[in-house]
Amino acid sequence: MNAPASFDEAATTRERLVVIGNGMAGCRAVEEILARDPSRFDITIFGAEPRVNYNRIMLSPVLAGEKRFEEIVINPQGWYDDNGITLVSGDPVEHIDRENRSVVSHSGRVEPYDRLLIATGSDPFIIPVPGSNLPGVVTFRDLDDVDKMLAAADRGGNAVVIGGGLLGLEAAHGLCLRGMKVTVIHLMPSLMERQLDEAAGWLLKTELERRGQTILTGADTECVLEKDGHVAGVRLKDGREIAADIVVMAVGIRPAVSLAKSAGLEVERGIVVDDHMVTSDPAILAVGECVQHRGTCYGLVAPLWGMCRSLAGYVTGEPNGYEGSVTSTKLKVSGIDLFSAGDFSGGDGGEDIVMRDAARGIYKRIVVKGDRIAGAVLYGDTADGNWYFDLLRKGEDISAIREALIFGQAFASGGALADPNAAVAALSDDAEICGCNGVSKGTVVETIKAGACSVDAVRSQCKASASCGSCTGLVESLLALTLGDEVQSGPKTLCKCTSFTHDDVRRLILEKELKAIPQVMQELHWTTPDGCASCRPALNYYLLCAWPGEYVDDQKSRFVNERLHANIQKDGTYSVVPRMWGGLTTPDELRAIADAADKYGARTVKVTGGQRIDLFGIRKEDLPAIWADLNAAGMVSGHAYGKALRTVKTCVGSEWCRFGTQDSTGLGVKIEQMTWGSWMPHKFKIAVSGCPRNCAEATIKDFGIVCVDSGYELHVGGNGGIKVRATDLLCKVETEEQALEYCAAFIQLYREQAHYMERTAPWIERVGLDYVKSRMLDEPDAIRKLAARFRISQKYSQDDPWAQRASGDRKDLHQHLGEFRPLVLENA
Amino acid sequence: MIGTWLDIGPIDQIEPGMARTLPVRDGEEIAVFRTMTGDFYALVNKCPHRQGPLSQGIVHGNAVTCPLHNWNISLKTGEALGDDEGCVPTIPLKVDAGRIFLLRDAVIGRQPPVESKAA
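Rules used throughout
Residues numbered from 1 in each chain as written. Chains lettered and ligands numbered in written order. Predicted model: local features only at pLDDT ≥ 70, side-chain atom pairs only at ≥ 80, totals over all residues. Heavy atoms only, no water. Helix = DSSP H or I, 4+ residues; strand = E, 2+ residues; numbered from the N terminus. Buried < 20%, exposed > 50% of the residue type's maximum accessible area, 1.4 Å probe, protein only. Contact = heavy atoms within 4.5 Å. Areas by Shrake-Rupley, 256 points an atom, 1.4 Å probe, with all protein chains shown as cover. Lys, Arg positive; Asp, Glu negative; His and termini not counted. Charge placed at Lys NZ, Arg CZ, Asp CG, Glu CD. Phe/Tyr/Trp six-rings, centres within 6.5 Å; stacked < 30°, edge-to-face > 60°. pLDDT = per-residue confidence, 0-100. Buried area = accessible area lost by both parts, 1.4 Å probe. Salt bridge = Lys/Arg side-chain N within 4 Å of Asp/Glu carboxyl O. Polar contact = N/O pair within 3.5 Å; in protein donor to acceptor, adjacent residues only side chain to side chain. Pairing = 2+ DSSP bridges. Axes fitted to C-alpha atoms, helices over the stretch in contact; angles between N-to-C directions. Parallel < 35°, antiparallel > 145°, perpendicular 65-115°, else oblique. Nonpolar A, V, L, I, M, F, W, Y, C, P; charged D, E, K, R; others polar. Core = buried A, V, L, I, M, F, W, Y, C linked by side-chain atoms within 4.5 Å. Expected span 1.5 Å × (residues − 1).

A.B. asks: Now, about the overall build of chain A: what can you tell me, with residues and values included?
C.D. replies: Of the regular secondary structure elements, chain A holds 28 helices and 38 strands. Within chain A, the proportion of its 828 residues that are buried is 55%. Here the analysis covers contacts within chain A between residues at least 6 apart in sequence; of these, 62% occur between residues at least 24 apart. Carbon and sulfur atoms provide 49% of the accessible area of chain A, an area that totals close to 34,700 Å². One finds the centroid of the 91 positive side-chain charges in chain A at a distance of 5 Å from the centroid of its 112 negative side-chain charges.

A.B. asks: Hey, could you go over the packing of aromatic side chains for me, with residue numbers and the actual values?
C.D. replies: Residue and element names in this part refer to chain A. Scanning all chains against the criterion turns up 12 aromatic pairs over all chains. With 5.4 Å between their ring centres and 65° between their planes, Y54 and F69 make a pair best called edge-to-face. Remark: F69 occurs in helix α4 (residues 69–72) and Y54 occurs in strand β3 (residues 53–54); sequence separation between them is 15 residues. Classification of Y54 as buried rests on a relative accessible area of 5%. With centroids separated by 4.9 Å and ring planes inclined at 75°, the aromatic side chains of W79 and Y80 adopt a geometry described as edge-to-face. For the pair W79 and Y80, a shared accessibility class is recorded, and that class is buried. Three or more aromatic residues joined by ring pairs form one cluster here, namely F684, F703, F746, Y750 and W763.

A.B. asks: Describe the confidence of the model for chain A, with residues and values.
C.D. replies: Chain-level statistics for chain A give a pLDDT mean of 88 and a share of 93% at 70 or above. Considering only residues more than four positions removed or in separate chains, one finds that residues 810–815 of chain A, a stretch of pLDDT under 50, has 10 contacts.

A.B. asks: I'd love a proper account of the interface of chain A and chain B, names of residues and values included.
C.D. replies: Contacts between chain A and chain B engage 46 residues on the former and 43 residues on the latter. Taken together, the two surfaces of chain A and chain B that pack against each other cover about 3,500 Å², and 58% of this comes from carbon and sulfur. Inspection of the region where chain A meets chain B yields 0 salt bridges. The tally of links between chain A and chain B comes to 4 residue pairs in polar contact (both at pLDDT 80 or more). Contributing elements (two or more residues each) for the side of chain A that touches chain B: β26 (362–369), α19 (535–546) and α20 (560–564) of chain A.

A.B. asks: Give me the lowdown on the side chain of A:S340, citing residues and values where you can.
C.D. replies: All names here are of chain A. With respect to the secondary-structure elements, S340 resides in strand β24 (residues 338–342). Owing to a relative accessible area of 4%, S340 belongs among the buried residues under this scheme. Among the polar contacts listed, one links the side chain of S340 to the backbone oxygen of Q195, at a separation of 2.5 Å. Leaving out residues up to four positions away in the same chain, S340 has contacts with Q195, L196, T327, S328, T329, A376 and V377.

A.B. asks: So what's going on with unusual backbone geometry? Residues and values would help.
C.D. replies: All names here are of chain A. Of note, M192 is a non-glycine position whose phi angle comes to about 45°, a positive value. Counting through the fold element by element, M192 comes out in the loop between β13 (181–185) and α8 (198–210). What makes M192 buried here is its relative accessible area of 1%. The phi torsion at E697 lies on the positive side, around 55°, for a residue other than glycine.

A.B. asks: Talk me through the sheet that holds strand β37 (residues 711–716) of chain A; I want residue IDs and the actual numbers.
C.D. replies: Backbone hydrogen bonds are what pair the strands of a sheet, in a parallel or an antiparallel way. Residue and element names in this part refer to chain A. Spatially, 5 strands are ordered β34-β35-β36-β37-β38 in an open sheet, and the strand pairing comes out mixed. Among the strands making up the open sheet, the edge pair consists of β34 (645–650) and β38 (728–733). Shown here is a sheet whose adjacent strand axes are inclined to one another by a mean of 15°, direction ignored. Examined bridge by bridge, strand β36 (residues 703–708) and β37 share 6 bridges and lie antiparallel to one another. Following the sheet pairing, F703 is matched in β37 by V716. Of the strands in this sheet, β37 and β38 touch helix α26 (residues 769–778), which is tilted by about 25° from β38.

A.B. asks: Go over the environment of A:P681, please, and point to the residues and values.
C.D. replies: All names here are of chain A. Residue placement: P681 occurs in the loop between α23 (664–675) and β35 (684–689). Take P681: its relative accessible area is 0%, and that puts it in the buried class. Along the backbone, P681 and P128 are 553 residues apart, and their C-alpha atoms lie at a distance of 46 Å. Apart from the residues lying within four places of it in its own chain, the contact partners of P681 are Y541, K643, Y750, R751, A754, H755, Y756, M757 and E758.

A.B. asks: How would you sum up the packing of helix α25 (residues 760–767) of chain A against α26(A)? Please name residues and give values.
C.D. replies: For any two helices packed against each other, the geometry comes down to the angle between their axes and how far apart the axes lie. Residue and element names in this part refer to chain A. At their nearest, the axes of α25 and α26 sit 6 Å apart, and the two run at 90° to each other. Taken as axis vectors, α25 and α26 run roughly perpendicular relative to one another. Facing α25, whose interface residues are W763, I764 and V767, α26 presents L769, Y771 and V772. Here the residues of the contact of α25 with α26 sort into 6 nonpolar, no polar and no charged.

A.B. asks: Outline the nonpolar core, listing residues and values.
C.D. replies: If you look at the biggest cluster of nonpolar residues, it comprises 58 residues, and the most contacted ones within it are A:L623, A:I626, B:I30, B:F33, B:L54 and B:I73. With 5 residues, strand β4 (residues 40–44) of chain B is the largest single contributor of residues to this core. What B:I30 contacts, discounting residues up to four positions off in sequence, is B:R20, B:T21, B:L22, B:V24, B:A42, B:L43, B:V44, B:N45, B:I91, B:L102 and B:V107. Of all hydrophobic cores here, the second largest spans 55 residues; its members include A:C27, A:V93, A:A260 and A:L304.

A.B. asks: Report on helix α16 (residues 472–483) of chain A, specifying residues and quantitative values.
C.D. replies: Residues and elements named next belong to chain A. For α16, spanning 12 residues, the distance from its first C-alpha to its last is 16 Å, which sits close to the expected 16 Å at 1.5 Å a residue. Buried within α16 are the following residues: T472, V475, S477, L478, L479 and L483. Note on α16: the residue one or two positions beyond its end, G484, has a positive phi of about 65°.

A.B. asks: Go over the pattern of salt bridges with me, naming the residues and quoting the values.
C.D. replies: Following the criterion strictly, the structure yields 57 salt bridges over all chains and no others. Each member of the salt-bridge network shares a partner with another, and the members are A:E15, A:D37, A:R40 and A:R115.

Structure representation (structure tokens):
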């Protein structure tokens, strides 16, 4: 070695620093040390990869073809040379000899140290499914991985990316741009769930699908398929198979700690370090993704800088402890602006400020705790990301700009404009308020002055806020400014999360073809991140009613009774009701019910008001078993728990009764078989009486039939509930077939028109009997059309929930069965 | 937080927006929640109002709505939200390496409330 003489001389006095890891952390630490004291150490860096130090987070643009490798090199060979650093690349360290203070590399090179720095980073996590070691399965960690993906892309075909996090989506984006047909498989229900909330995740998914990727969420990989010794596809646990010429595993990373562990250093999830990056051995430091600092392991690059600064300060005698980092994330996918920082989980003590602008595809959510920003998620417009992040990191008091915070820096910093009403007041008369309908501020103010005292009145008279609704806030401000206290509150909104009414929401779901809860929340500007216990079940129902067979029911938006197919009672146990068609049963069924009552310890067995048998006191854990037993005896769920068709009550009718005019029991059975399983805005009860004596009490039911000699009287809107209401006579028909058809049509009109949680009685009182009559009897062909729509929706809903969940045939439908099994302590 | 942590298994055994229960011998049942955004919380599984099983309620934001009478309970503080008043004990919880841990003393040491007997 022809080092200058001065180097040799210095070497005798210099400390020897050995760095394990030639990545971003190791080299950054060395840079920081050199900046403080360039002559303190003799430095040797070991790298496992056969290349100089490069910017690993820029591998995504390299894969996407937006950058070349040369452009992401941080330190070229010259840097090592200029600073007298020995780079040992392509020769990983395999052993740390703490006693003799030296390291041993794969090739047998022994390097003594005074200070050792471990910067081994992290390893990609490979999910241990069969086939995961096949050729063609790659991770996304280093340049070799990128080269393998590029080689596969050259051959074209299908790529499967397992993992819908930051890394997986960037890999998918790159492969997609390289011309492959890409499917992303993600275990969780929404993409990037650690950085994004459900709403932003949904927007991201929609955009990626628009770009031609297939995104499968809630998808669990069972195995990697093989053909001719190479990867051929992926099979999911639900049986679906996806063909693949390459499979990228990007499900996560783990700190690379094996070397530190075998050297006997204190290792938990990562190598445990103090605020100066010192491990349990004072001669050994560690930095980067391999460490655990104050209980946290970081998987992002930003914390590296802080760690490296404190490490360098410490070893050069000017310690300044690292205190942990607040991190932010951006997705490096061209054309998708996405930013996430801090704690966006919200909750109390914290408040969510949400802005949704569907027309521009923007979603912003700022979480404020006390007077400080705790987190932020921005989608579609991330221009203010750094500003929010800065306020967050510095913990600045934002109370003064809170009202305008969500509108961003330009608006919030505008002094007097910080009050949104003042901002609106400052707008000129020709400023556009409603972009959809081209309505100016002047027009809105004129409309208000002319007598429109509510948002709804403004909407109907000048069309401002009548379309997408994103300017509703501005219209409200103008109402407040123009009228002062005279503003009338509009009709009741669906819940506190929205300014839209039930009717508006139902109408817009159809008009805008909204087909998922997060989509409704985005398009209709919900002000909460994921709704509340009022709107979620309502939206689930509205979507189910609007898109039968297409909308996928959302279990977590269902009240517990519907989720568990049983009635929750005051002590937390459940009651179970098997269906008895038209009120009929058999000795065999009664025996099976009696056996189930014994076996599961039913404490009360009661005949319900709807002529069914209710078993009380069943423990939640026993529900699947009791369903299975009753199912095995031929019975199905009575839906006595649902906002659904409950029972059809009957009298005995002409078969036995000396007054009976028609076969009311038989008709009741037919009606129940036609209508069971149908989800409704609220519970729905039917009865059929065989004669005007009305033993089945048909005139206080949602739909009642009273048989008379000449045919069937059809009654609607009865209710035996809190406020008793007798039915209104809808009409009279002559045949059983007509009675069935009219019943189907009435139910469908109610399903399509009523507000969620509104029974037929208040619905009819709200809209008027004449309206119902006109929609059914005056419109040509109305009965046939309504009944046809009802039958279509019934095709998809007449699945017995007990059978599905007890038999295990429909695995996807009983995923929530896990809910029944209690958790167990694993090391109590 | 100092103390022993109990491992109750991997995080993916609870779906986002759902909850599961943890029975405790000689103690009170605990409800473990996962919010839609993936945060975890544990509470005693009893609404402060009429002891409804909170684990069975609809989870939204960082709150759960009791299935018995629709009280909204904060998952973070256990306090009833809105106009209702009352509080359910929270159990310290942490997630580490993809697993859920509960603070042992808060789980094991918790006795069901004993009804006071008149002297």
